Amino acid sequence: MAETFDVVIIGSGPGGYVGAIRAGQLGLKTAIIEKDKRLGGTCLHRGCIPTKSLLWTAELFHHVREAADFGIDVSSPAINWPNAMKHKDKVVTKGANGIDFLMKKNKVTVVKGHGRIAGKGKVEVTAEDGSKQVLEAKNIIIATGSVPKSLPNVPVDHKRVLNSDSILQIDRVPKSIIVLGAGAVGCEFASVFNHVGSKTAIVEYMPALLPIEDADISKELEKIFKRRGIDVHTGSAVEKVEHTADGVRVTMKVGNETKTLEAEILLSAVGRSPVTEDVGLDKTSIKSERGYIKVDSMLRTSEPNVYAVGDIIPTPMLAHMASAECVVAVEHIAGKSPQPINYDLTPSATYCYPEVASVGLTEKKAKERGYDVKVGIAPMGAVTKAAISNEATGMIKIVSDRKYDEVLGVHIIGPHATELLAEACVALKLEITTEELANTIHAHPTLSEIVHEGAEATLGHPRHF
Ligand code: FAD
C-alpha cells in the first residue's frame, strides 16, 4: 500500500527544500523528490553558490594584487584554478550536507528519482535503476526549476561553447572568453574571468548591461567594466558562431555594421527555460505557456491541490523568490492565511565587481506607473569607508514619490551593494519616506552611509558631495 503524505514536493532547489522545511515545522507529513544525486537544486549546485565562490576568489585576487597600496608586500600573486574549484566544491558539499541534516531535523522523507504526477493525488517516482514507486499526496507542489537556454545559432558543445553549468567545471583559466548575454549570470562570469586574467568580452542584444536594472546603474556598470578592460558590446545581435583552429569566432550585427570577435571559449548566458515537460502535467488540467505554469496569489495551479513555485512560474527567476513562494504554498496547504507576495519588493542582486543590487521601481517604471518621481543620486565617493578599501566607485539612486515622499525604489552599484540592499528592502516593506531614511542615524564609518547620503540627496541637501 502506497504511503500517503500531506504534501509531496517535486524538486529540491531553494523552492522545494525551503518549502519542505516549513511543511515539517507545521507538522505536515512531507516528502521531497529529487532526481539529482544531491539535494539543493540549481542554486546550490550550478547557480548562486558555486558562482559566488568563484567571484570571491576573483575579488580576493584583485585585492591581493592591490595589497601594496594597503602596505602589504606580496610577491607575484597567482591564480591556482584547481584550488579555486576545490574550494567551490567544498562549499557546495557543505551546503548539500546541511540540507540533508535539515530534512532529517524536520522529518521530511527524501525520495531519490524522477517525479511525475500520475493522476489525482499520485506521484510516481522512477529511481536511477528504473524501479518505480507511487506516493499518495493530499497536495503536490511542483518545484522543478529551470535549465540553461541556448540560441539555435549558438549551439553549446561544452568544450568551446559552454553554458553556466559546464563553465563551472572548466579545468583552466581560458586565455580569452566571450560572454554572450549581460544579465546577472553573464555579468558575474565576465567579472570572474576578467579578474583572474582572461581577456574578456561581453556581448548583449539589448542596449545596456543588466537591462532590467535602472538605466543609470547599467550605464555606471558599463563605464566601470570598460575601465576594468572588459570589452563591452551592447546592442549587438549574434549572427553566427564558428569554430577556429584554437577557439571560436562570433559574427554579430551592430546597427548596420558587421563585427567579429574571437576567443578561446564562449559562454552562452542567454537565459533559462522552465522544466515542466516531464512532470506529468498531461495528467492534470494544467496548461503551460512557453513552459511556464500559471498560478494564483497562493501559488495554486488550475488543478485542485497542485501548486507550482520557483523558476517554473512566470515570476523573477531567483532563489529567494522560489523559497518565498514555496513557503506561501505550504502555509496555504496548512490552512494558514499567508500574505500574498508583493513582487514589486523582490530584491535583485548581481555579484559582479562592483556589485549591483536593487529593490522596488526603477525611475522608468515609476514614471510609467504615473508617479511624480523625485530622484536622488549619491556617489560612493561620498563615503569614506569605501575609500579605505580603494572601492569608492559606484553610486546609489533613490527613486521616490514627490507627493508623499515615499521611497519607491533603491538602486545601488558599489562595494557590498548586495548587503547594503537589506536596509532598502525593509524601508520599502514599511513604506517609509526619504525623510525618515535621512533621519535614521547611520553608523560612521560604514558603507551603509551611502543610503543616508542618497536619502539626503533626494531631499536636496547631501552632506558629503
Ligand atoms: P532549481 O533550483 O532549479 O531546483 C529544481 C530541482 O528540481 C533540481 O534539483 C532538479 O534536479 C529537480 N527536478 C527537476 N525535475 C524533476 C523531476 N521531475 N523529479 C525530481 N526532481 C526534479 N538566484 C539568486 O537569487 N541569487 C543568485 O545569486 C543566483 N545566481 C545564479 C547563478 C547562476 C549561474 C544560475 C544559473 C542561477 C542563479 N540564480 C540565482 C537563480 C537560482 O539558481 C534559481 O532561481 C533557483 O535555483 C530556482 O529555484 P527552484 O527551486 O525553482 O529550482
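This one's a predicted model, so the numbers in the text were calculated from it and none came from an experiment. (Residues numbered from 1 in each chain as written. Predicted model: local features only at pLDDT ≥ 70, side-chain atom pairs only at ≥ 80, totals over all residues.)

Caption draft 1: The arrangement of the site of the ligand in detail. In the region of the ligand, 36 residues are neighbours, and Gly11, Gly13, Gly41, Gly145 and Gly310 sit closest. Those elements that provide at least two residues to the shell around the ligand are strand S2 (30–34), helix H2 (41–46), helix H3 (48–65), strand S4 (114–119) and helix H7 (319–333). Looking at which element gives the most residues to the shell around the ligand, the answer is H2, with 4 residues. A class-by-class count of the residues in the shell around the ligand yields 13 nonpolar, 17 polar and 6 charged. (Near = placed C-beta within 6 Å. Helix = DSSP H or I, 4+ residues; strand = E, 2+ residues; numbered from the N terminus. Nonpolar A, V, L, I, M, F, W, Y, C, P; charged D, E, K, R; others polar.)

Caption draft 2: Spatial organisation of unusual backbone geometry. Pro354 follows Tyr353 through a cis peptide bond whose omega is 0°. The topology assignment puts Pro354 in the loop between strand S20 (348–350) and strand S21 (355–360). The omega torsion across His444 and Pro445 is -10°, close enough to zero to call that bond cis. For Pro445, the position within the fold is in the loop between helix H11 (434–438) and helix H12 (449–459). Its identity as a non-glycine residue notwithstanding, Asp405 has a phi of 65°, on the positive side. Relative to the helices and strands, Asp405 resides in the loop between strand S23 (395–401) and strand S24 (407–414).

Caption draft 3: Region of the structure containing the UniProt feature "binding site: FAD" (unreviewed entry) in the chain. Taken from the UniProt record, the annotation "binding site: FAD" (unreviewed entry) applies to Lys52, Gly115, Thr144, Gly145, Ser146, Asp311, Met317, Leu318, Ala319 and His320. Across 269 residues, the annotated set is spatially dispersed, with a maximum C-alpha separation of 29.7 Å. Within the fold, Lys52 resides in helix H3. Residue classification places Lys52 among the partly exposed residues on the basis of 17 C-beta atoms within 10 Å. Along the chain, His320 falls in helix H7. Its 16 C-beta neighbours within 10 Å are what place His320 among the partly exposed residues. (UniProt positions renumbered as here; feature names shortened; annotations may be inferred. Buried ≥ 20, exposed ≤ 12 C-beta atoms within 10 Å, placed from the backbone.)

Caption draft 4: Expanded view of H7. In this model, H7 (15 residues) spans 21 Å end to end at C-alpha, consistent with the 21 Å of a helix rising 1.5 Å per residue. Of all the 15 residues making up H7, 12 are buried; the element is thus mostly covered by neighbouring parts of the structure. Residues of H7 that are buried: Ala319, Met321, Ala322, Ser323, Ala324, Glu325, Cys326, Val327, Val328, Ala329, Val330 and Ile333. Packing partners of the buried residues in H7 comprise strand S1 (4–10), helix H1 (16–25), H2, H3, strand S6 (132–142) and strand S19 (306–308). Just downstream of H7 lies Gly335, where phi reads positive at about 85°. (Expected span 1.5 Å × (residues − 1). Contact = placed C-beta atoms within 7 Å.)

Caption draft 5: Geometry of the domain arrangement of the chain. Annotation of the chain at the domain level lists domain 1 (4–148 + 273–343), domain 2 (161–270) and domain 3 (354–459). Relative placement of domain 1 and domain 2: their C-alpha centres are 28 Å apart. Each partner contributes residues to the interface: domain 1 has 12 residues there, and domain 2 has 12 residues. Of the residues contributing to the side of domain 1 that touches domain 2, the split by class is 8 nonpolar, 2 polar and 2 charged. (Domains from an automatic or database assignment.)

Caption draft 6: Seen up close, the sheet that holds strand S8 (residues 161–162). Taken in spatial order, the 5 strands make up an open sheet running S8-S15-S9-S10-S11, and their pairing is parallel. What marks the edges here is a single partner per strand, and that holds for S8 and strand S11 (231–233). On the sheet, helix H5 (residues 184–195) packs against strand S9 (176–180), strand S10 (199–203) and strand S15 (265–268) and is oriented at approximately 165° with respect to S10. (Pairing = 2+ DSSP bridges. Axes fitted to C-alpha atoms, helices over the stretch in contact; angles between N-to-C directions.)

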